[in-house]
Amino acid sequence: MKLNPKKTAVIFKAFCDENRIKILQLLIDGEKCACKLLEAMNITQPTLSHHMKTLLDSGIVNGRKEGKWMHYSISKEGLEKAQKYLDYLKGEV
C-alpha cells in the first residue's frame with residue numbers, strides 16, 4: 001500500500017475538529033437530516049455546511065439530497081479506508 005499524503009491529510013482533517021466529531025457521534029445511530037444536525041449542534045447553517053463539506057470530501061460521510069434537505073450518514077467504506085491508513089502507519093500493512 002502506498003500513501004498519498006494529500007488524500008491522507010484530507011481524510012484525517014475530518015477528525016481534527018470538535019464539531020465534526022460531534023457530528024459523527026450524532027450519525028452513529030443512522031442517517032440524519034441536516035435540519036436535525038442543526039438542532040442538535042446549535043450552530044448556524046453555514047457552519048454546518050462548512051463541516052459537512054469537509055466530512056464529505058474526506059469520504060467519511062455520505063450525503064444525499066431529498067427535497068430541500070441533505071441527509072447524511074457515516075460511510076463504512078470511508079472509515080475502512082481511514083483504518084487502513086492507520087494500520088499502514090503502524091506498520092501493520
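The notes below deal with the structure included here. (Residues numbered from 1 in each chain as written. Predicted model: local features only at pLDDT ≥ 70, side-chain atom pairs only at ≥ 80, totals over all residues. Heavy atoms only, no water.)

Tracing the backbone through its elements, the reader meets S73 in strand β3 (residues 69-74). If we ignore the near neighbours within four places in the chain, the residues touching S73 are L27, E31, I60, V61 and N62. (Helix = DSSP H or I, 4+ residues; strand = E, 2+ residues; numbered from the N terminus. Contact = heavy atoms within 4.5 Å.)

All right, on to the nonpolar core then. Ranked by internal contacts, the top residues of the largest apolar core, which has 17 residues, are I23, M52 and V61. Sorting the residues of this core by element identifies α2 (18-27), α3 (34-41), α4 (45-58) and α5 (76-89) as the ones contributing at least two each. Looking at this core, the element that brings in the most residues is α3, giving four residues. Apart from the residues within four sequence positions on either side, V61 is in contact with L24, L27, M52, L55, L56, Y72, S73, I74 and S75. (Core = buried A, V, L, I, M, F, W, Y, C linked by side-chain atoms within 4.5 Å. Buried < 20%, exposed > 50% of the residue type's maximum accessible area, 1.4 Å probe, protein only.)

Let's shift gears to the pairing of β3. Of the strand pairs in this sheet, strand β1 (residues 32-33) and β3 are connected by two bridges, and their pairing is antiparallel. Within β3, the residue paired with C33 across the bridge is H71. Relative to β3, strand β2 (residues 61-66) runs antiparallel, the two sharing six bridges. Considered in β3, the bridge of E66 is made with W69. The antiparallel hairpin formed by β2 and β3 contains two residues in its connecting segment, where G67 sits at a positive phi of about 65 degrees. (Pairing = 2+ DSSP bridges.)

Tallying each qualifying case throughout the model produces one aromatic pair. Between F12 and F15, the ring centres sit 6.2 Å apart and the planes meet at 40 degrees, which makes this aromatic pair tilted. Residue F12 is classed as partly exposed on the basis of its relative accessible area of 21%. (Phe/Tyr/Trp six-rings, centres within 6.5 Å; stacked < 30°, edge-to-face > 60°.)

The next subject is the packing of α2 against α4. Where α2 contacts α4, the axes come no closer than 10 Å and their chain directions differ by 75 degrees. One way to sum up the angle between α2 and α4 is to call them roughly perpendicular. From α2, N19, R20, I23 and L24 reach across to α4, where they touch L48, H50, H51, M52, T54 and L55. A breakdown of the residues in the contact of α2 with α4 according to their chemical character gives five nonpolar, four polar and one charged. (Axes fitted to C-alpha atoms, helices over the stretch in contact; angles between N-to-C directions. Parallel < 35°, antiparallel > 145°, perpendicular 65-115°, else oblique. Nonpolar A, V, L, I, M, F, W, Y, C, P; charged D, E, K, R; others polar.)

Another aspect to go through is unusual backbone geometry. With a phi close to 55 degrees, N42 is a non-glycine residue in the positive phi region. Its location among the elements puts N42 in the loop between α3 and α4. By relative accessible area, which is 71% here, N42 ends up exposed.

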